[in-house]
Structure formats: C-alpha cells, structure tokens
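Residues per chain are reported as follows:
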Amino acid sequence: MAESVRRLLGKPGAVDLRPYTKLLPAIEAEEEGLRELSDGELTEKAIDLGYAELPYSQNDLVSLCAVGREAARRTLDERPFDVQLLGVMALLDGHVAEMATGEGKTLAGTLAAAGFALRGKRVHVLSVNDYLARRDAEWMGPLYAMLGVTVGSVSEESTVDERKQAYGCDVTYAAVSELGFDVLRDRMVTDVDDRVVPEPHVAIIDEADSVLVDEARVPLVLAGAAEAVAADVEMADVVRGLKPRLHYEVDGEGRNVQLTDAGIDAVEKALGGVDLYSEDDTSVLPQVNLALHAHVLLQRDVHYVVRDGEVRLINESRGRIALLQRWPDGLQAAVEAKEKVAVSQTGEVLDSITVQSLVLRYPTLAGMTGTAMSVAEQLREFYELEVAVVPSNKPNVREDHGALLYATREEKEDALVAKVEEIHKTGRPILIGTQDVAESELLAERLRAAGLESVVLNAKNDADEASIIAEAGTYGAITVSTQMAGRGTDIRLGGSDMTDRDRVVETGGLFVMGFGRYPSSRLDGQLRGRAGRQGDPGDSIFFVSMDDDLLVNHAPETTGYKTTADGEITDEGWLAMVDHAQRVSEGQLLEVHRNTWRYNKLIDVQREVVLEHRELVLSSGQGDRHVAADRRERHEELVEELDADEVARAAKLITLYHLDRGWTDHNAFLSELREGIHLRYLGRRDPLDEFNREAVPVFKGFLDGARARAAESFEELEVVDGELDVSSVGVKRPSMTWTYMVHDHPFSSALETLVGRLKGGRGTSNGD
Ligand code: ADP
C-alpha cells in the first residue's frame, strides 16, 4: 500500500475515514465541470443542495465538497486539500476533527458550516476569543457569499441590534464566552423581542479540546448590581506583616493557606486584641481568611495583573487578560485592598452556566483542534463526540526530542539559555513556552542578560498577539509565550509575508522549547504543534526540573537522584517519573471535571424546569392566567378599572420577577450547599449524593413558591396614573448587569475550602 494511501485510512480508536476517503476521486472528477460555471451558477449549485434534509447522501456530499472547493479556489485563491475535505466530512457527521496547526481548519470549518446552513440549520462557529471570531467571519465572508450563505460575528463591543443581526445570519461566529453571556442575558428578558440568541441548532467548536475539556467547568456568570463590599484595607495591612511558616502555612499544592497558632496570636494582637474564634462575633475570621488568601495564594502577574488601576484576572488556561472577569466579591475586594486600588462594583450572581452546559444545548456538535486524540475518552464521556484523526497534508518531519531533566530550576534555566544561545547563532527562530506570565518575564530578563533579545507574548500585551505570533517564524526571532491554546495564528517560516522562507527552512525551521512540561501532555502537544506546519522542518524539546510544580505536586518521589556536573539527571527511571507525574496530574484534572459535571447536571435539570415555565410566562400569558386563578376578585376588579392588556402586562412582570429572584436565591443556595458539603461529609458519604439529597427537596416547591409570591404581590399592586405600578410591590430589575468567568482551577478548590473553613471554624482541612 502506498504511504499516502495508508496515511488516509485513520487511526485505531478514532472514526474510520474510509467512507470519506473513497469519495475523494468523485469530488475531484467534478472539478473540471465546475470550473466552466459562472460565479452565479456556482452559487445556484450550492443553493440547490438545500433541497433535502440532513444528512447528506453520498452524491450530495460529493457535490458539496466539489462546489465548496471550487468556491474557495475562486474567492480565497486556496484550493482545499483532500485532507481538508476529509475534515469537512467528519465535521458534517458531528465529529471532532483532529487537524494539526497550519492545516487550514478555518477553511474546513467554513465548508462544513456552509454545508449545515444550506440544509437549513443555523450554525454557530465558536472560537476562543473575539479577535478570532471577527477575523474568521471576515476572512471567510467571500466564500460564504459565493455559497449563498449569510455570515456574521459577535464580539464584546457588539450592540444589541448588531447581535440580533449577527445571530440572524445562517452562520454566526462568536467567542464561547460571548455566546454564553448572551444566553444568560436572554434568560432574564421581560420582552420576547429583547432576546438575541435563536434556538440552538449546530455548533462547530474551534480549539475543541481547549473549550470542551480545559474550559468546560468554567462558569460564565451574569451578575447584577448590589451593595458594595467594603475592601478591608486594615486587614490587608495586617496580613502583609505576617511571615510564611511562622504565621501561616501553605499546603503542598498552593491551594490552601492556614494561620498557625503564632499567626492567630499575631493577627489578634494587630487587630487590637480581638478573639478570632469568638462565638459572638464571627465576622472577623472570614475577613482575615480572605485577606490571607489574597495575599498568599493569589500572586500578581501569575493569577492577575494590575492595569489602569484595576485588578484584572489572567485567564489561566490561555494566559491572557479576561475583560470583565472577577473573583467572587469578598475575594475581589481583598485583592483590591492588597494592591491598594479602588474597590470595584460588586454584585450578586443572577445566573450562571458552565461552558459544558452551554455547548450541550446544541443538538448537533462538531469540533476541530490540533490535539483531540488524547482526550478522546472525555469527549465521548461528556459530549458523545468521536474523534476523526485527519492526516496532515504533508508528512510531519518535526523532530520531538525527549525531555531534559535537571535537579533545580536554576540548572534548568542555565541549560535552556545555553541551548537558545547555540540555536540562535544559526538564525533559527525559537519559540519558548512558559507556564505563566511571571515566568515568561523572568525568562526574557534572563535571556537579555545573556545578550539574547526576545519578544514576550503574554496577558500584558495580548493586543499585539496576532502580529507577534505571525512574526515568530522570522530569521533570528526569539519569542517567549505562555500557553499556546487559542493563539489562533499559525507561525509561518520567514514571517507573515514569507519573504525569507527559504533561508529559515535552511536553518532547520522553528525550534520550540518548553520551559517545564504542562499539566497535561495535550498542552505540551499544543506547544510542539507550533513547529512543523505543512511539512516544514522543526524541532521541539522540553526542559524540566525536579522543583517544577508538576513534579513537586505529582511525582511519587523527588529525592535520591544522581546528577551530572551540570545538574542534569539522565537516569531513565527519573525521566519516566516526569511522564508519570503528568499522568497523575491529568487524572486529577479529569476527576475535577467529572465532579463538576455531576454537580452541574442536577443544576441544569432544575434550571431547565424554571426556564420552560418562564417561557410560558414570557410568551403565552401564563403569569396572567395564574394570578387570575389565584386572585380572581382582584384580577376582575383591575381588568374592569384599567384594561385586560395592562393587567396582563403587570402580571407578567411580577411573575417573571419572582421566578428570576427565586432562581437567583436558589442558585446561591446550591453553590453554598456544594461548597459546604465537601467538608461536612468528608470521607464519610458521597458528597454528590448528599448534594442531591438536599437540593432536590428544596427545589420541589420552587414553582409553587414563585407563583404564590407573585399572587401576593399582585394583590397589593397599586394603580398610579391609570397604570399598574409594579415597583410598588418591589419588582425591579438590577440597575446594571455585567458578566464574568470564574476560573475553576486552581481557585475553586481553594475557594471551596476557604468558604468551607469560614463556616467550619479552626483547623478544617482541604478536601483533596
Ligand atoms: P489552523 O487553524 O488549522 O492552524 P488556519 O485555518 O489558520 O490553520 O490556516 C493556516 C494557513 O493556511 C492560512 O494562512 C490559510 O490561508 C492557509 N491555507 C489553508 N488552507 C489552504 C489551502 N487549501 N491552500 C493553501 N493555503 C491554505
């Protein structure tokens, strides 16, 4: 069998590509005929494919791919490769297409989206950020137009009308978070016409592993204005004076911090002789714990940056600043006090949804990414998605070297700097991946000291991200970056205009160096995948040390090794330990994911019940019918005095208010329950069972309760100037809302313990 044919057959455990590959000759055979058509005729041919329902018959699939290929050639001057068409077919079958960086996923995703759209489905192409959503929609615009499909994009700045317009298109590009925020806001409207997101049909998810696995647990939150929490500056000053180990201890994973007895004494004294554990005043200890958490566990430039006088969170899985994202109130205020910046607006959580629940709303899901196979099981377990491993257009010739292991961080750094020096001399472009922002800055500093100038790509300058990445392949470039997922620009050798390509290929192409292995091998793969695009030459190597977090936290042993004079550990057993530590870390992440998933399942079911009911109130007068039944006399009286429409309007507003208010409170109850339960039942019973045992009965009376409260409010309604004044019965909407994401890892467990500890008192320990 020829190598090229064998490569097209697919991998074990993945979707069988043969049904797709066998259509390739027929697609090619249609090409000549299609070249003869005018642009208008080609469009017509595409639109004609809309005559039937999904799925496509083999014949129609062939036509779709052939027409799509010809349209791409005409509009983008890019003729989709066979492998890209395999990707298109896999996507149309609702799979995750694994395609390496630089293979042209954007184009493959476009043809698949158009394929769904032509058959009457609304398609959301979900990217990881606004920049990519806008770029891809614009870039692919002419192709969609020739296929007779409309396209739009949503970004953070879009107005309500722009959103409606974009979602009204056949295909809509949006960042996952932006879509989620729109969904949350839609759930709070009091007028059907204010909704922007239509019924979900199909989602094609870009960087699918990053969205579906890494970010799956992240809740997107809609918050509303409430009273401000005063930042406790005094508390921040008190903990600033505490000494590590003497006054407080941090657990191994840096997720939990606790005062020692000496620390307790010191704090009590500094606060003027209070008793932290007094039964009468339980408000001080939580404040101390928050301040301590902010001071010790949250590090500037690792977990957040301070910019323009504001504390901004760093999105950990992507190393970029996230707008409008904040921690839960107390913690946010504590960090603001620590950094001595102004207190920002605080609020209460009105509603939230996890990324996972958001995408599971779609009856049809598909995705694309460079690294899917290693999470194939999770994609199957959580999303019923199968992975199709699409071979690369040209064989990958990148050389992936084994990790180099050192005893200490300094030795690892020395080794990396020496390597950069050696490689840089030859003019080869170098890309260095770090674990976090602070590390990338330190490393750049260290390189500078050795006379090596680098460009740093991290959350502090993400505005220039695309151009920095685009130039990372130029002759002699050294680029230092945090995690690579979602940095959706590929690195071309010779820079963006590729003028110098030949010279860079001569040097051996992009050399990728990882400064430490990531918490999962998939993240390592994302970094490696930056080199060797489209058959380019390239190398990748990782530098690891025994004091890397990964090993400290997850290796069974970290002492007793032998080193060379440079501090290198060459023993195979120790090297195998690195992989082992990574597998343990992967297992833990999976466990966290699985747990969140199980909790959220119940919450989703309850939310669905409320939303279904809300829909009846919003669009079919259920609220009015209920108050008319529950408060017949008052209802008749008001209808007579005013008119039926006015009464129905008020009844609707009142009912929606009580439903929404009820949900907000229930939601708060559920998160408190969840946070508390781990500590209460630690090691004795399955916390999830306990959670369900308590959450289910509380919800039983939910709808009836909301209905009863609505009836009560209705009874008390006052008529003002011929109208029903709903504010007279306390019905008002938050004066302002905003959105944010809560990054689960590593804070959620820290936060859970923190909150748990506030309730549990002295000495309660971490749950993991
Ligand atoms: P990925 O997201 O898979 O890394 P992109 O969609 O960003 O890749 O595409 C990478 C580059 O390859 C883009 O510059 C694109 O214009 C180019 N490209 C994609 N498909 C083709 C093709 N069939 N022929 C030529 N160039 C292509």
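Looking at an unreviewed UniProt entry, one finds the chain named Protein translocase subunit SecA, with Nocardiopsis eucommiae as its source organism. The annotation that UniProt attaches to the chain under Subunit (unreviewed entry) is "Monomer and homodimer. Part of the essential Sec protein translocation apparatus which comprises SecA, SecYEG and auxiliary proteins SecDF. Other proteins may also be involved."

1. Things to note about the nonpolar core
Ranked by size, the top nonpolar core spans 57 residues in total, and within it Ile27, Met89, Val123, Leu143, Leu147, Val171 and Ile204 carry the most contacts. Ignoring sequence-local partners within four residues, the contact set of Val123 consists of Ala113, Phe116, Ala117, Asp170, Val171, Thr172, Val202 and Ile204. Residues Ala166, Val213, Leu358 and Val359 belong to the second largest nonpolar core, which totals 46 residues.

2. Regarding the site of the ligand
Near the ligand there are 17 residues, and of these Glu78, Gln84, Gly102, Thr106 and Arg492 occur at the shortest range. Between the ligand and Glu78 there is a distance of 2.4 Å, counted from an oxygen atom to a side-chain nitrogen or oxygen. Within the side chain of Arg492, one N or O atom sits 2.6 Å away from an oxygen atom of the ligand. Taking 570 Å² as the accessible area of the ligand by itself, protein coverage stands at 83%. The dominant element in the shell around the ligand, judged by the number of residues it contributes, is helix α7 (residues 105–118), at three residues. A per-class count over the shell around the ligand returns five nonpolar, five polar and seven charged. Shared between two domains, the shell around the ligand takes at least three residues from each, and those domains are domain 1 (2–217 + 356–389) and domain 3 (399–579).

3. Quick word on the UniProt feature "binding site: ATP" (unreviewed entry) in the chain
When the UniProt feature table is mapped to this numbering, "binding site: ATP" (unreviewed entry) covers Gln84, Gly102, Glu103, Gly104, Lys105, Thr106 and Asp490. Assignment of secondary structure puts Gly102 in the loop between β1 (96–98) and α7. Taking relative accessible area as the criterion, Gly102 reaches 15% and is therefore assigned buried. Sequence-distant contacts of Gly102, that is, excluding residues within four places in its chain, are made with Asp490, Arg533 and Gln534. Along the chain, Gly104 falls in the loop between β1 and α7. Its relative accessible area of 26% is what places Gly104 among the partly exposed residues.

4. Quick word on the sheet that holds strand β4 (residues 171–175)
The seven strands lie next to each other as β3-β4-β2-β5-β13-β1-β14, forming an open sheet whose pairing is parallel. The open sheet has two edge strands with one neighbour each: β3 (151–154) and β14 (387–389). Taking each pair of neighbouring strands and ignoring which way they run, the sheet shows an average axis angle of 20°. Packing of α7 onto the sheet brings it into contact with β2 (123–127), β4, β5 (202–206) and β13 (364–369), and relative to β5 it is tilted by some 180°. Seen against the sheet, helix α10 (residues 176–186) touches β2, β3 and β4 and runs at an angle of roughly 100° to β4.

What counts, and where the lines are drawn
- Residues numbered from 1 in each chain as written.
- Predicted model: local features only at pLDDT ≥ 70, side-chain atom pairs only at ≥ 80, totals over all residues.
- Heavy atoms only, no water.
- UniProt positions renumbered as here; feature names shortened; annotations may be inferred.
- Core = buried A, V, L, I, M, F, W, Y, C linked by side-chain atoms within 4.5 Å.
- Buried < 20%, exposed > 50% of the residue type's maximum accessible area, 1.4 Å probe, protein only.
- Contact = heavy atoms within 4.5 Å.
- Near = heavy atom within 4 Å.
- Polar contact = N/O pair within 3.5 Å; in protein donor to acceptor, adjacent residues only side chain to side chain.
- Areas by Shrake-Rupley, 256 points an atom, 1.4 Å probe, with all protein chains shown as cover.
- Helix = DSSP H or I, 4+ residues; strand = E, 2+ residues; numbered from the N terminus.
- Nonpolar A, V, L, I, M, F, W, Y, C, P; charged D, E, K, R; others polar.
- Domains from an automatic or database assignment.
- Pairing = 2+ DSSP bridges.
- Axes fitted to C-alpha atoms, helices over the stretch in contact; angles between N-to-C directions.

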